[in-house]
Structures are given as C-alpha cells and as structure tokens.
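Read off the chains here:
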Amino acid sequence: MKEMINGLQFGEMILCAYEALEANKQLINDLNVFPVPDGDTGTNMSLTMSAAANEFKKAKYESLSEATNKAASALLRGARGNSGVILSLLFRGLAKSVKGFESANAQEFAQAMRAGVDAAYKAVMKPAEGTILTVSRVGTTAAVDLAKNEESIELILACALAAAKDALEETTEQNPVLKRAGVVDAGGKGYVTILDAMLASLQGRMVSGSVEIASADEEEEDHGSAPFGEFDTAEIEFAYDTVYIVRKLQEEIDLDPYRAFLESIGDSLVISEDDEVFKVHVHTNVPGDALNEAAKYGVLEIAKIENMRTQHDELVASKEKAAEPTEPEYAPAEKEFGFVSVCAGEGLAQLFRELGVDRVVTGGQTMNPSTEDILREINRTPAETVFVFPNNKNIWMAAQQCEALTDKKVVVIPTRTVPQGITAMLNMDPSADEATLTETFNEVIGGVHTALVTYAARDSEFDGHSIKAGEYLALMDGALLGSFDTMLATMETLNSALEQYDPEFISVYYGEDVDEEGGEKTYAYLAKAFPDAEHSIINGGQPVYYYMISVE
C-alpha cells in the first residue's frame, strides 16, 4: 500500500484520468437531456482534461508541487464549458494546498482534495444538490475522515471513490430534472470516472496508453441515457438565468439583506464583489424584481437574462486549428484598442475582419473554444486593450478567464450571438475611450434580437412541443418557438415572432447547408413581410444553423 504520492505518480494519474474520460465521454454525454444538437458534458470534461494530459506527455515532474501546479495551469487554460471550469477549480485548490511539497502523505493529500472542493464551492452562494459539486464534496469528506486514522493513500482514494459513487446515485433524487429523465448527473459521473482512473493508476491496475483503458468503467452500474421523449422543462422551477453587475453606491455596503431577498425569489445564487462593484447570478421567475431591488445598492451596469427552459446544454466539440509557424505568439502593442471575435463560418469571419476585428477564433455552438484558444488570439492582437466578443453564452466564462492570463488589458463584452457581435463592431468609434466603447457596446447589443433556424438532433417532448428528429427548429432569443416539417412553416412562425419588434433593420446570414438560391428566397420572404425595414443578406457559411436572422 502506498503511503506517499509524488509528482511522477500524480502525472501518470492525470494521464489515466484523461484517457478514461475520453473512453467514456459518450456514456457521460448520453446523460444530457436536451434534444438540440449540442456539445456535451463528457466531451467538455475530456477536452479540459486533455490540456493537462498534454502537459504530462511533454515532461515529467518529480515534485508533487510542480506537477499539480502544471496540471492546474493547463486545466485553467483548457477549461471548456461550466463543467470544465469546475474541474479546473477542483485541481487549482488541490495545487495550492500542496504548494512546496515534494510529496504528500494520505492526510495531506486528502486535505488537498478538500481544498479543491472548497475552491469550487467558493463562488457559489447556495449550491444546488445533485451536481458534480455534491459528488466531489461527499467523496472528499469521506477521504478526509478516513485519513485521520489511515496512512494508505490507496485506501483514502478508494474510500473517496466509494462515497462519490453513492453520492452519484443520489443525484437522480436530488435534482428534479434528472429525476424526470431517470439519469444521474453527467458532471458527477465524469468526476467518478476521473477518481476511478486515478485510483487504478496508483494501484498499478491502469497504465496510460493502455488499449484496455476503454473498459475501465465496465464494472460500473450502467446509468443508461436520458429518455428524451419524457423530458419536460416545466420541471425547472426557476426559469430565468439572470446575471448582472452593479456599481456600488459606496465602498462599504452590507449585501446580506439583498442575498436574503434573492434567495426568497430564486435559487442557484452567486454573489461576488470587490470594492467598487458586485456581480449577481440567480435563477428566478421574476428577474425584473431582482434588478429593481439591486437599485437600492448601486447602479446597474450590465444585465443578461436567459430562459433556461430553452437553453442548450454546454456545447463542445473538438476543432483543428493550425497557426502559421512564422506567426509570433505575442504581438507588441501598436495601437490602443484591438478586437477578437468568436464565430464559425468563413463568411462571418470575413465580415468581422472587414469591420475591424483583428483576430477571429473559430468556434461557436458545437465548437466551444478553450480559454487557451481565445488567449492565443488576444496575445496575437497588437493592442494595449483587447475587446473580446464571445458571441455565445457558453464561451463567455472561458473568455473571462483570459483577463488574468495576459499583460494586455482584456474587456469581455457579453455578446450571446454572432449578430450582437457584428452590431457592436458596426458601432465602434475609433476616437472613443475605453469606458465609452464599453458602454456603447453593452448598450447596442441589448437592442439586437436573434432568430435561429436549426434542426432537431433527436425525438423529444420539449417545452410542450412534440419534436421529431430532423425537423426544423425555430428559436427567438433562445426561446423555442416550435418544430416544423418545412422551411416555409418555420419562416411563417418566425415572421410572427419578428412582428413584435417592429424591426428597422433585418440581416439574414445563411449557413453552409443553404445554397444561394435558398438564401435569396428567405431574404425575399422577409423583405416582403417587412417592407419598411432595411434588409441585408450575407453568406455566413456557419454550421449547425441554416439561418441566423438579426433584428434591430
């Protein structure tokens, strides 16, 4: 039985954890419940862990401190989606706990695992049960308790794994959405997969690069996959995911009464603050009440409200991107402001370049770029301050992490769609200062409404709609309007939805699966329906979406 763990052993454990995730990612993906074409938790976690695995494929580290620090740094840059960010936090806290350690005994390693869980929980005011946080907390608590009287790291990890497995089974009962679908939490399943592989590596039962790695989970209970036909988003008690930033009226301010108010009207509450502002994330059915109450404590600067009943699960798929070998990794500042935008489709990328964007990160709905992907293009932008347009809610968090990873100043504008990013650049004033540009961008994107036409990836009963695989799906600002057999029926429904905005400008971006004739027909249809609006049509070349339609 091993009583100490060093950097070499930890690196091998990370390699095995990655390979186990990669082998089991589809099993984890199948636990997701939404019927739209999306990236999934298993893919997110596998891609995130691959960043750390690549580090250990390049070099070996004898010191546990150095090995865990390398892993945490790589995971931070490679984090994809919310599940990937939580995973990176678990390892970041662990690394801080063993800083300066050449090796660690059972008690020290158990305490480091708990530090990782604490780091992941820190930003969450009221964590919901039945998630990866729950599973990691229960497993780690068991490990810490046993380590008080046990010196074997193998037994400590085995105890953590057993407790985490039990906690994973409980997630079905703890989360109403999971209970309805009859599945366990996907993120929790990913965590158990990682812990299982790390233990197997330490015990010598698993070696990185082994062809047997795909069978590492074969003795686990089969958790099946989500029965999409039975899923009903009415199970989500609080519908609106509400995020906003408030500039404080004064530096010292007591937010406890506001916390209590928000907890009375919602859940999943997170409040973070510094001396000047505080940021709120809350799920609620009355976002207006949350914002109105915030006015007692400061001035609202930025707000983002999304209907979770129509949100997609975290979207990830691998992409290939080859940088020119002669291109410098860091561009010295040649101007005050630069711009980086995320999009998929050569037509859209070319449009952003024409509008003044310096660098384009390839990614979007099924291709969430990592923090490192975005950071690379920020560093290649020859400017002191770089504005970033994520153009997707699932990319915003990865973009924000770049702020602490470069000496360039990074300003992330919370664009949720490509049309919002385009409108922001159309309103870019080269003579304005940073504050004015930021204010302008945030103001104009609020007036952009985006209609999307895509397809159903699977059969489902979703939000009151009976959906068949292959049908057209129409969405308006993220809300599902329905599924249709024909494009004409789809456009008729979208036309009705657009009428409420009395549009002055309509832009049609058609995707890679639409030919020029089809794009022109849709353009002509909208031009006839809204004769008083100004219209434009662009071959965006985007995947997944047949059409992106911008309304202002």
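Note: the structure precedes this text.
Quick caveat, the model's predicted, so the values are computed rather than measured.

Let us look at the environment of Gln111. Relative to the helices and strands, Gln111 resides in helix H5 (residues 106-121). Since its relative accessible area comes to 30%, Gln111 is described here as partly exposed. Residues in contact with Gln111, not counting those within four places in the same chain, are Ser97 and Val144. A polar atom in the side chain of Gln111 sits 2.7 Å from the side chain of Arg114.

Right, let's get into the sheet that holds strand S16 (residues 505-510). Judged by pairing direction, the sheet is mixed, and its 6 strands sit side by side in the order S15-S14-S11-S18-S16-S17 without closing on themselves. Of all strands in the sheet, those bounded by a partner on one side alone are strand S15 (479-484) and strand S17 (534-539). Within this sheet the neighbouring strands show an average axis-to-axis angle of 15°, counted without direction.

A few words now on the packing of aromatic side chains. In the structure shown here, the tally under the stated rule is 12 aromatic pairs. A ring pair is formed by Phe387 and Phe441, whose centres lie 5.4 Å apart and whose planes are at 85°; its orientation type is edge-to-face. A residue pair is termed long-range when its members are at least 10 positions apart, and Phe387 in strand S9 (residues 383-389) and Phe441 in helix H16 (residues 434-445) qualify at 54 residues. Relative accessible area serves as the criterion here: at 0%, Phe441 is assigned to the buried category. Ring centres of Tyr472 and Tyr546 lie 5.5 Å apart, and the angle between their planes is 70°; this geometry places the pair in the edge-to-face category. Linking Tyr472 in strand S14 (residues 472-476) with Tyr546 in the loop between S17 and strand S18 (547-551), this pair joins segments that are 74 residues apart in sequence. Residue Tyr472 is classed as partly exposed on the basis of its relative accessible area, which comes to 21%. Tyr546 sits in the buried class, given a relative accessible area of 18%. Its guanidinium or amino end placed over the ring of Tyr330, Lys408 lies 4.6 Å from that ring's centre, counting from NZ or CZ.

Once that is clear, we can look at unusual backbone geometry. Backbone geometry at Asn391 places phi at a positive 60°, although glycine is not the residue there. Following the sequence through the fold, Asn391 ends up in the loop between S9 and helix H14 (396-400). In this structure, Asp477 is a non-glycine residue whose phi angle is positive, near 50°. Tracing the chain through its elements places Asp477 in the loop between S14 and S15.

Thresholds, definitions, all that
Residues numbered from 1 in each chain as written. Predicted model: local features only at pLDDT ≥ 70, side-chain atom pairs only at ≥ 80, totals over all residues. Heavy atoms only, no water. Helix = DSSP H or I, 4+ residues; strand = E, 2+ residues; numbered from the N terminus. Buried < 20%, exposed > 50% of the residue type's maximum accessible area, 1.4 Å probe, protein only. Contact = heavy atoms within 4.5 Å. Polar contact = N/O pair within 3.5 Å; in protein donor to acceptor, adjacent residues only side chain to side chain. Pairing = 2+ DSSP bridges. Axes fitted to C-alpha atoms, helices over the stretch in contact; angles between N-to-C directions. Phe/Tyr/Trp six-rings, centres within 6.5 Å; stacked < 30°, edge-to-face > 60°. Lys NZ or Arg CZ within 6 Å of the ring centre and 35° of its normal.

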